[in-house]
Amino acid sequence: MPDELGPFQGVWDAWVEVQEQIERKPISHFEQAVQIQFSELRDHLDAGDREAAAREMVDVVSIALNTLRKLGFSPAEIAEIAQNRAKDRMLGQAEKILDKYESVHQI
């Protein structure tokens, strides 16, 4: 079995059985799902449960992968997009990206 997504391949594979349903979901479904996961993350952090908080972040990765699935990308394509994005957009530019979020979005 291909392993293009490394440790996240199992997360991808877990959702194959409902791929057609995912493809029919509106983008707002994924946006709201991420908001729910962050709410649950805060609850776990407030309770001092760091490991449960980490599991919620894996759920966020799962939602991101399913959004890419909805957009029609394969694991191999996702791996290539991620590698290119890191190299072309993030590497050596992390401080600039953080500054943009602060100056443009006030976060």
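Every chain begins its residue count from 1, and numbering advances along the sequence as written. Where local features are concerned, this predicted model is filtered to residues with pLDDT of at least 70; where side-chain atom pairs are given and counted, the filter is 80 or more; whole-chain, interface and lining totals use all residues. As a rule here, side-chain values come from all non-hydrogen atoms in the structure, and water together with hydrogens is ignored.

## What to know about the overall build of the protein chain
Step number 1: Across its full length, the protein chain holds six helices and zero strands.
Step number 2: Put simply, DSSP marks the helices as runs of H or I at least four residues long and the strands as runs of E at least two long, and each gets a number from the N terminus on. Along the protein chain, helices and strands appear, N-terminal first, in the series α-α-α-α-α-α.
Step number 3: By principal-axis analysis of the C-alpha atoms, the protein chain measures approximately 40 × 40 × 25 Å.
Step number 4: Counting the 107 residues in the protein chain, one finds 21% classified as buried.
Step number 5: Residue pairs in contact within the protein chain that sit at least 24 positions apart in sequence constitute 61% of those at least 6 positions apart.
Step number 6: Each accessible area value is a Shrake-Rupley result obtained with a 1.4 Å probe; residue values ignore everything except the protein chains displayed when judging cover. For the protein chain, the accessible area works out to roughly 7,900 Å², and carbon and sulfur atoms hold 56% of it.
Step number 7: The positive charge centre, built from 12 side chains, and the negative charge centre, built from 20, are 6 Å apart in the protein chain. Per-residue accessibility, obtained with a 1.4 Å probe over protein chains only, is compared with the maximum for each type, and a residue is labelled buried under 20%, exposed over 50%, and partly exposed between these values. Contacts: residue pairs with any heavy atoms within 4.5 Å of one another. Charge convention: Lys and Arg are scored as positive, Asp and Glu as negative, and His as well as the terminal groups of each chain are ignored. We put the charge of a Lys on NZ, of an Arg on CZ, of an Asp on CG and of a Glu on CD.

## Notes on the pattern of salt bridges
Step number 1: One side-chain nitrogen of Lys or Arg within 4 Å of one carboxyl oxygen of Asp or Glu is enough to make a salt bridge. This structure, assessed with the given rule, holds one salt bridge.
Step number 2: Taking the shortest distance from any N to any O, the salt bridge between lysine 87 and aspartate 88 comes out at 3.9 Å.
Step number 3: A relative accessible area of 52% places lysine 87 in the exposed class.
Step number 4: Take aspartate 88: its relative accessible area is 52%, and that puts it in the exposed class.

## Some thoughts on the nonpolar core
Step number 1: The criterion is simple. A nonpolar core is a set of buried Ala, Val, Leu, Ile, Met, Phe, Trp, Tyr and Cys residues joined through side-chain atoms within 4.5 Å. The biggest cluster of nonpolar side chains holds five residues, and these are Leu5, Val11, Trp12, Leu65 and Ile78.
Step number 2: The contacts of isoleucine 78, once residues within four sequence positions are left out, are Leu5, Trp12, Leu65, Leu68 and Phe73.

## Side note on helix α5 (residues 75–90)
Step number 1: Compared with an ideal rise of 1.5 Å per residue, which puts 16 residues at 22 Å, α5 spans 21 Å between its outermost C-alpha atoms and is within 8% of the ideal.
Step number 2: What α5 keeps buried is the set Pro75, Ile78 and Ala79. One side of α5 carries all its buried residues, which in axial view fall inside an arc of 105°. Among the exposed residues of α5, those oriented more than 90 degrees off its buried face are Lys87 and Asp88.
Step number 3: Residues of α5 that are buried in the fold lie against α1 (9–14) and α4 (50–70).
Step number 4: Where α5 ends, the next residue or the one after it, glycine 92, has phi of about 75°, a positive value. By definition here, a helix of n residues has an expected span of 1.5 Å times n minus one. As used here, the arc belongs to the directions running from the helix axis to the C-beta atoms.

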